[in-house]
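Architecture and fold: a report
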Amino acid sequence: MKTKKGFIVLTGACVLAGAFAGCAKEEVAAEKPTATAAASASAASAAATKAPASKEPLTLSIYYHSNNGTFNDDWAVFKKAAELTNISLKGVVAKAQSDRNVSYNTTMAVRPLPDIIANKVNAVNEYALMGAYQPLDDLIEKYAPNIKKYLNEHPGEDKKWKASDGKTYFIPNVQEQYVNNTWFIRTDWLEKAGLEIPQNVDEFYQAIKKIKDMDPNGNGQKDEVGIFARSGLNTVRALLTLFGVKGQSNFYYYVDDNNEIKTSFYEPEFKKGMTELAKWYKEGIIDQELFTRTKPRETLLGNNQGIATWDAPGSTSTFTRRLSGQIPGFKLEMMTHPKDVNGNRNDVTKSSFVNTEVWGMSADNKRPEETMKYFDFWYSEEGKVLLSMGVEGISYDVVNGQRQFKDSFANNPEKALNEMLDTIGGGHPIGGFVTMDYWKGLLEPKTFDKLQSIMKEVKYADGYPQLPFTNEEVDKNRQLYAAIQTYAMEKINKWVLGAEPVESSYDNFVKELKSLGMDELLKIHNTAYKRMKDSK
């Protein structure tokens, strides 16, 4: 592999970025929470009088390709940022391009590189170790007072920003938020069944079973669907938590109490959990199309069929408002996580405060000082407001000194707030700072308070760390990952669907994982984790 002087095209670099550190986050770590923001508007206007990032108008090229599409030069948020900083951004990815793996590898194979390149942590660090990105440590020290302030207020956070060579090549997206997903249930159907909110895993099972058997939508068919999530694997992950299974990403990695990375694949809780999920599926408690259904939330709730879902609190909380006019009495409400088989309320979906999405400065960027000042702008008070709430007069107004999302954004009948902000560039996972104002705005009235209450009762696992792999470790991971991933996911599918019994095949499952190199993967992760913990 070439290093420092040249780059090679690495097929699947973006896949690696997710696979090694929590690829399970299908919902952009970020969906966003009530309509009134607490911060005063005067602070932003005062901060806006600071010197711009560039003395003269400057245009920087940017590679940006997220789950929501490519960079749009006309986004109002970034046009406003250009007014405040004197720096405009111009996207380099064609809007028709839908595959980020392809667009990223193609971009990295052509010189000169764009001035700013955004992607996931491991994708950036991998190319950085080959010389594609500029180290930012000195630039942060000289030109980024807001970023330095954030690091000073969060001791040890800088270790998570460093690559395996000890240098910093990216500025991360920071989310002042809490969890990615939580449980929702049709409380109008619970009332019809004479039931209270389920408080433990058995009550949850019994509630779904009773509701399904009573034809609550009244169409004379048993077409109600019990438990579902945004994808089949998310459904499995959410339910396994109820049986004491720890771990994140498709490999169920977690950091134990002795600071060692392990996988739940090897543990009895995983076997027990998979056995129970197979039983629940056979009895119709789980969506029978969980691995093939597209847009399950919109489909099952919109068709008056879905009973309970595990999904993002912000957009999911809008469905009662959006569907109550179409479905009389429709009421989907957030519920506290049922206690697991051990009597605990646990969740593995708490977002790391630092998102996996980042941006950095390419080796071909000729204006590093101005670019770093631009990066720093997004950590300033006015930058935070812009990214989190959009543009005054477009997405929010100032009412009695408080910023408040416009009704057309907060209560749009067609789209959730995050979807509306997407259209103007707000809330995107660039290397900026998304505040609680955004998350409060996303949630329906009173839902924010409900989520706060839930958070006090639930124990959330920390987000799996973004590990500083060397390129040699990346290569080895790549060699091992695909086969293990394919085997494990196929086995999980077979177990849930009842195509293969868990009890008689589990020991062979563990044996096969070891033969495919699972232990070696764990060793690589632990080496990188120790490197991160020991960095200065």
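Here, the structure is the one placed above.
Below: a short report on this structure. (Residues numbered from 1 in each chain as written. Predicted model: local features only at pLDDT ≥ 70, side-chain atom pairs only at ≥ 80, totals over all residues. Heavy atoms only, no water.)

Here we take up the overall build of the protein. When its secondary structure is counted, the protein shows 23 helices and 19 strands. Per-residue burial over the protein gives 58% buried out of 536 residues. Summing over all exposed atoms, the protein offers an accessible surface of approximately 21700 Å²; the carbon and sulfur share of this is 49%. (Helix = DSSP H or I, 4+ residues; strand = E, 2+ residues; numbered from the N terminus. Buried < 20%, exposed > 50% of the residue type's maximum accessible area, 1.4 Å probe, protein only. Areas by Shrake-Rupley, 256 points an atom, 1.4 Å probe, with all protein chains shown as cover.)

Before going further, it helps to examine the pattern of salt bridges. One pass over the structure, following the stated rule, counts 34 salt bridges. Its salt-bridge partner being Arg-367, residue Glu-370 comes within 3.1 Å of it at the nearest N-O pair. Overall, Glu-370 belongs to the buried group, its relative accessible area being 16%. The shortest N-O distance in the salt bridge between Lys-476 and Glu-520 comes to 3.7 Å. Remark: Glu-520 occurs in helix α23 (residues 518-534) and Lys-476 occurs in helix α21 (residues 471-497); sequence separation between them is 44 residues. Residue Glu-520 is classed as partly exposed on the basis of its relative accessible area of 35%. Residues joined in a network through salt bridges with shared partners are Arg-230, Arg-297, Glu-298 and Asp-311. (Salt bridge = Lys/Arg side-chain N within 4 Å of Asp/Glu carboxyl O.)

Within the fold, Pro-313 resides in helix α13 (residues 313-316). Its relative accessible area of 1% is what places Pro-313 among the buried residues. Taking the C-alpha atoms as reference points, Pro-313 and Leu-442, 129 residues apart in sequence, are found 8.4 Å from one another. Discounting residues that sit within four places of it in the chain, Pro-313 has contacts with Val-179, Asn-180, Asn-181, Thr-182, Phe-184, Met-334, Leu-443 and Leu-451. (Contact = heavy atoms within 4.5 Å.)

Quick look at the sheet that holds strand β13 (residues 332-335) now. Reading across from one edge, β9-β12-β8-β13 is the order of the four strands in this open sheet, with mixed pairing throughout. This sheet does not close on itself; its edge strands, each paired only once, are β9 (225-229) and β13. Pairwise comparison of adjacent strand axes, ignoring direction, gives a mean angle of 25° for this sheet. Bridge count between strand β8 (residues 182-186) and strand β12 (residues 306-311): four bridges; the pairing is antiparallel. Looking across to β12, one finds that Phe-184 is bridged to Thr-309. In the packing of helix α9 (residues 201-213) onto the sheet, the strands contacted are β8, β9, β12 and β13, and the crossing angle to β12 comes to about 145°. (Pairing = 2+ DSSP bridges. Axes fitted to C-alpha atoms, helices over the stretch in contact; angles between N-to-C directions.)

Moving on: the pairing of strand β6 (residues 116-120). Of all five residues that make up β6, five are buried, and the element is covered over most of its length. Here two bridges tie strand β2 (residues 58-63) to β6, and the two strands are oriented parallel to one another. Bridge pairing in β6 places Tyr-63 opposite Ile-117.

To continue, consider the nonpolar core. It is characteristic of soluble globular proteins that their nonpolar side chains tend to be buried jointly. By size, the foremost hydrophobic cluster in this structure holds 90 residues, and its most contacted members are Leu-89, Tyr-133, Ile-147, Trp-359, Tyr-374 and Trp-378. Among the nonpolar cores identified, the runner-up in size contains 62 residues, and Ala-238, Leu-239, Met-274 and Leu-522 belong to it. (Core = buried A, V, L, I, M, F, W, Y, C linked by side-chain atoms within 4.5 Å.)

Time to look at unusual backbone geometry. Cis geometry marks the peptide bond from Arg-111 to Pro-112, where omega comes out at -5°. Even without being glycine, Lys-295 reaches a positive phi, approximately 45°. Relative to the elements of secondary structure, Lys-295 occurs in the loop between α11 (268-282) and α12 (296-302). Classification of Lys-295 as exposed rests on a relative accessible area of 60%. Unlike most non-glycine residues, Asn-400 shows phi in positive territory, near 55°.

Summed over all chains, the structure comprises 29 aromatic pairs. Ring centres of Tyr-252 and Phe-265 lie 5.6 Å apart, and the angle between their planes is 55°; this geometry places the pair in the tilted category. Taken as a pair, Tyr-252 in the loop between α10 (232-241) and β10 (253-255) and Phe-265 in the loop between β11 (261-263) and α11 lie far apart in primary sequence, 13 residues in all. With respect to class, Tyr-252 is no different from Phe-265; both count as buried. Aromatic side chains Tyr-379 and Phe-433 sit 6.0 Å apart centroid to centroid with 80° between the ring planes, which places their arrangement in the edge-to-face category. Taken together, the residues Tyr-379 in the loop between α15 (368-377) and α16 (381-389) and Phe-433 in strand β18 (residues 433-434) connect sequence positions 54 residues apart. (Phe/Tyr/Trp six-rings, centres within 6.5 Å; stacked < 30°, edge-to-face > 60°.)

Of all the six residues making up β12, six are buried; the element is thus mostly covered by neighbouring parts of the structure. As paired elements, β9 and β12 share four bridges and run parallel to each other. Note that in β12 the partner of Phe-228 across the bridge is Thr-309.

Examined against the element boundaries, Pro-413 turns out to sit in the loop between α17 (407-410) and α18 (417-422). The spacing of Pro-413 and Leu-323 is 90 residues in sequence and 9.2 Å in space, taken between C-alpha atoms. Beyond its immediate stretch of four places on either side in the chain, Pro-413 contacts Arg-321 and Arg-322.

So, about the packing of α21 against α23. Running from N to C, α21 and α23 cross one another at 140°; their axes reach a closest spacing of 10 Å. Remark: the crossing between α21 and α23 carries left-handed chirality. Contacts between α21 and α23 involve Glu-473, Lys-476, Asn-477, Leu-480 and Ile-484 from the former and Met-518, Glu-520, Leu-521, Ile-524, His-525, Thr-527, Ala-528 and Arg-531 from the latter. Taken together, the residues that form the contact of α21 with α23 break down as six nonpolar, three polar and four charged. (Left-handed = near helix turned anticlockwise from the far one by under 90°. Nonpolar A, V, L, I, M, F, W, Y, C, P; charged D, E, K, R; others polar.)

Right, let's talk about the environment of Pro-296 for a bit. Within the secondary structure layout, Pro-296 lies in helix α12. For Pro-296, a relative accessible area of 5% puts it in the buried group. Here the alpha-carbon distance between Pro-296 and Ser-231, two residues 65 residues apart in the chain, equals 7.8 Å. Apart from residues no more than four positions distant in its own chain, Pro-296 is found in contact with Phe-228, Ala-229, Arg-230 and Leu-301.

Any two packed helices are characterised by how steeply their axes cross, that is the angle between the axes, and by the distance between the axes. Two elements in contact, α21 and helix α22 (residues 502-516), have axes separated by 10 Å at closest approach and are oriented at 175°. Relative to α22, α21 is oriented roughly antiparallel. Contacts from Leu-480, Ala-483, Ile-484, Tyr-487, Ala-488, Lys-491 and Trp-495 in α21 reach Val-502, Ser-505, Tyr-506, Asn-508, Phe-509, Glu-512, Leu-513 and Leu-516 in α22. Among the residues forming the contact of α21 with α22, the class breakdown is eleven nonpolar, two polar and two charged. (Parallel < 35°, antiparallel > 145°, perpendicular 65-115°, else oblique.)

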